[in-house]
Amino acid sequence: MSLNDQASADRAHIAFFGLRNAGKSSVVNAVTSQQLSLVSDTPGTTTDPVRKAMEILPAGPVVVIDTPGIDDVGELGEQRVKRALDTINQTDVAVLIADGTLGLRDGDRELISAFEKKNIPYIVAYNKVDLPEFSKQEFANNEIAVSAKTGKNIKALRELIAALAKGEGNDKRICADLIKPGDVVVLVTPIDAAAPKGRLILPQQQTLRDILDANAISLVTRETELPGALKALAKPPKLVITDSQAFGRVSRDVPPEILLTSFSILFARYKGDLAEAVRGAAMLDKLSDGDRVLISEGCTHHRQCGDIGTEKLPKWIREYTNKQLEFSFTSGGEFPDDLSEYALVVHCGGCMLNEREMKSRVRRCIDSGTPITNYGIAIAQIHGILRRSLEPFPEILSLLD
């Protein structure tokens, strides 16, 4: 698979962790064969997680992340440590770089404990094997001695990373398991002020590619042309997939015998927890005056007039509940550690987040006792078509009974 074949959110995220001056950034540069991170003898050179989508043979397309040392000090140091630890939530394979002349220290052991708690496969690479002070002799299967300076065992470290990254590969499909070769699938993609110029957004692109890979037939149309598109087909489509904000109009135009769902719902199944999102939608009927609702997006696009997250959803939720609610908003990598103040979290489909990060957010909500749903499911509930939008997923539909 080439570099351009896979979106960053679907690549294995390989993150390097360690204490300051263990040679972490030097090992990252050696593994990637490029100067990805600045290297210095000064402690704390890496001040923010540095990430790059690239290919590492034999692992293939990955996202490499170099994190700050988790023993950084001072007010800024504490913030750097927090960002490093936050990175664990999106890590598919962790590489702990330990100073081989000192062995494992308390901070290293705390990182290993965090990896194991979150079931993240990890490697311990003892750096500086070229120095006479290096003394470790025996190594577990997930341990290796390396030298960033001489390149000793760097190739072997790449192979260890590749083996774990392959095990983390995502073989799930967005919608291909719902259709057969030759089936017709209609994609409804509104073009409004918030739509990017000259292109489709990532969920639409990825869904379109998944349909093509399934040897099915795709038809892409705006919601305004949907009735004409349906009439032009020689046979009814197997499935209609719509942008969530057009759910109401599309549900009226698509005959009830044709399966209908949304990109957002498909992505909740693809990399989140669709069942939990459906359960969370029930909270829309239980909200009270003064409740706080968090609306969270995984991307950081420029917000325009009519933005679905900050304008349309709050308006629809207020109208649906007829309650005086307070709304908070996060985007990109921002997501609260403490969710107890929120009565409900409404999350986007998470197309810009990897699966581990999306599921980590769902788990944080569950642990806080805060219901979580997503855009498409919330909008389907508001329009009274949630049951219909879940008909392609009988095992999930039963949750509404």
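In this text, all values refer to a predicted model and were calculated from it rather than measured experimentally. (Residues numbered from 1 in each chain as written. Predicted model: local features only at pLDDT ≥ 70, side-chain atom pairs only at ≥ 80, totals over all residues. Heavy atoms only, no water.)

S.K.: Describe the overall build of the protein chain, listing the residues and the values that go with them.
M.R.: Within the protein chain one finds 14 helices and 14 strands. Computed over the C-alpha atoms, the radius of gyration of the protein chain is 24 Å, within 12% of the 21 Å expected from 2.2 N^0.38 for a compact globule of 401 residues. Dimensions of the protein chain along its principal axes, counting C-alpha atoms only, are 75 × 50 × 40 Å. In the protein chain, which comprises 401 residues, the share counted as buried stands at 53%. Put simply, 70% of the contacts in the protein chain that link residues at least 6 apart link residues at least 24 apart. Approximately 18,400 Å² of the protein chain is accessible, and the part contributed by carbon and sulfur atoms is 49%. Each charge sign in the protein chain was given a centre, from 48 positive and 54 negative side chains, and these centres are 4 Å apart. (Helix = DSSP H or I, 4+ residues; strand = E, 2+ residues; numbered from the N terminus. Rg over C-alpha atoms; globule rule 2.2 N^0.38 Å. Buried < 20%, exposed > 50% of the residue type's maximum accessible area, 1.4 Å probe, protein only. Contact = heavy atoms within 4.5 Å. Areas by Shrake-Rupley, 256 points an atom, 1.4 Å probe, with all protein chains shown as cover. Lys, Arg positive; Asp, Glu negative; His and termini not counted. Charge placed at Lys NZ, Arg CZ, Asp CG, Glu CD.)

S.K.: I'd like to hear about the sheet that holds strand 5 (residues 122-127), residue by residue, with values.
M.R.: Strand order in the open sheet made by the 6 strands is 2-3-1-4-5-6, with mixed pairing throughout. Only two strands of the sheet have a single partner each, and these edge strands are strand 2 (50-56) and strand 6 (143-145). Ignoring strand direction, the axes of neighbouring strands in this sheet form an average angle of 25°. When strand 2 meets strand 3 (residues 60-66), the two strands line up antiparallel, connected through 7 bridges. Bridge assignment links Arg 51 to a residue of strand 3, and that residue is Ile 65. On the sheet, helix 1 (residues 24-32) packs against strand 1 (12-18), strand 2, strand 3, strand 4 (93-99) and strand 5 and is oriented at approximately 145° with respect to strand 1. The strands touched by helix 3 (residues 106-117) within the sheet are strand 1, strand 4 and strand 5, with strand 4 carrying the most contacts at an inclination of about 170°. (Pairing = 2+ DSSP bridges. Axes fitted to C-alpha atoms, helices over the stretch in contact; angles between N-to-C directions.)

S.K.: Could you give an account of empty space enclosed by the protein, naming the residues involved and the relevant values?
M.R.: This structure, assessed with the given rule, holds 1 cavity of 30 Å³ or more. Lining the largest cavity are 13 residues, with Ala 268, Ala 277, Met 358, Val 362 and Asn 374 positioned closest to its centre. Among the secondary structure elements, those contributing two or more residues to the lining of the largest cavity are helix 8 (263-271), helix 11 (355-368) and strand 14 (372-374). The element that contributes the greatest number of residues to the lining of the largest cavity is strand 14, accounting for 3 residues. (1 Å grid on protein atoms, 1.4 Å probe; cavity = no way out; pocket = protein on both sides within 12 Å on 5 of 7 lines; lining within 4 Å. Points joined across faces, edges and corners; volume = space filled by probe spheres on them.)

S.K.: Account for the nonpolar core, with residues named and values stated.
M.R.: Judged by nonpolar contacts, the single largest core of 62 residues is most densely connected at Leu 274, Leu 287, Leu 313, Ile 317, Val 346 and Leu 390. When sequence neighbours within four positions are dropped, the list of residues in contact with Leu 313 reads Ile 295, Ile 308, Val 346, Tyr 375 and Ile 379. Within the second largest apolar cluster, 24 residues are counted, among which are Ala 12, Phe 16, Val 27 and Ile 161. (Core = buried A, V, L, I, M, F, W, Y, C linked by side-chain atoms within 4.5 Å.)

S.K.: Got a sec to walk through helix 1? Specific residues and values, please.
M.R.: Within helix 1, 8 of the 9 residues are buried, which leaves it mostly tucked inside the rest of the structure. Among the residues making up helix 1, those that are buried are Lys 24, Ser 25, Val 27, Val 28, Asn 29, Ala 30, Val 31 and Thr 32. Taken from the residues just after helix 1, Ser 33 is the one with a positive phi, measuring 60°.

S.K.: For the packing of helix 10 (residues 308-321) against helix 12 (residues 375-382), give the residues involved together with the corresponding values.
M.R.: Their axes nearest at 10 Å, the elements helix 10 and helix 12 cross at an angle of 35°. In this structure, helix 10 crosses over helix 12, and the sense of that crossing is left-handed. When helix 10 is examined against helix 12, the residues Ile 308, Gly 309, Leu 313, Trp 316, Ile 317 and Tyr 320 are found in contact with a partner set consisting of Tyr 375, Ile 379, Gln 381 and Ile 382. For the contact of helix 10 with helix 12, the class distribution of residues is 8 nonpolar, 2 polar and no charged. (Left-handed = near helix turned anticlockwise from the far one by under 90°. Nonpolar A, V, L, I, M, F, W, Y, C, P; charged D, E, K, R; others polar.)

S.K.: With reference to specific residues and values, describe the pattern of salt bridges.
M.R.: Under the definition given, this model contains 24 salt bridges. A salt bridge links Lys 82 to Asp 86; the nearest nitrogen and oxygen atoms lie 2.9 Å apart. Of this pair, Lys 82 and Asp 86 are both found in helix 2 (residues 74-87), 4 residues apart, which corresponds to roughly one turn of the helix. When the shortest N-O distance is used, the salt bridge between Asp 183 and Lys 180 registers 3.9 Å. Residues joined in a network through salt bridges with shared partners are Arg 20, Asp 71, Asp 72 and Arg 80. (Salt bridge = Lys/Arg side-chain N within 4 Å of Asp/Glu carboxyl O.)

S.K.: Mind laying out the pairing of strand 9 (residues 239-242), listing which residues take part and the relevant values?
M.R.: Looking down a regular strand, the side chains alternate between one sheet face and the other. With burial as the criterion, each face of strand 9 is covered, one bearing Leu 239 and Ile 241 and the other bearing Val 240 and Thr 242. Note: strand 9 against strand 10 (residues 259-262), 4 bridges, orientation parallel. Its bridge partner lying in strand 10, Thr 242 is registered against Ser 262. Chirality of the crossover, the property in question, places the unit of strand 9, helix 7 (residues 247-253) and strand 10 among those that are right-handed. (Right-handed = clockwise from strand over helix to strand, strands pointing away.)

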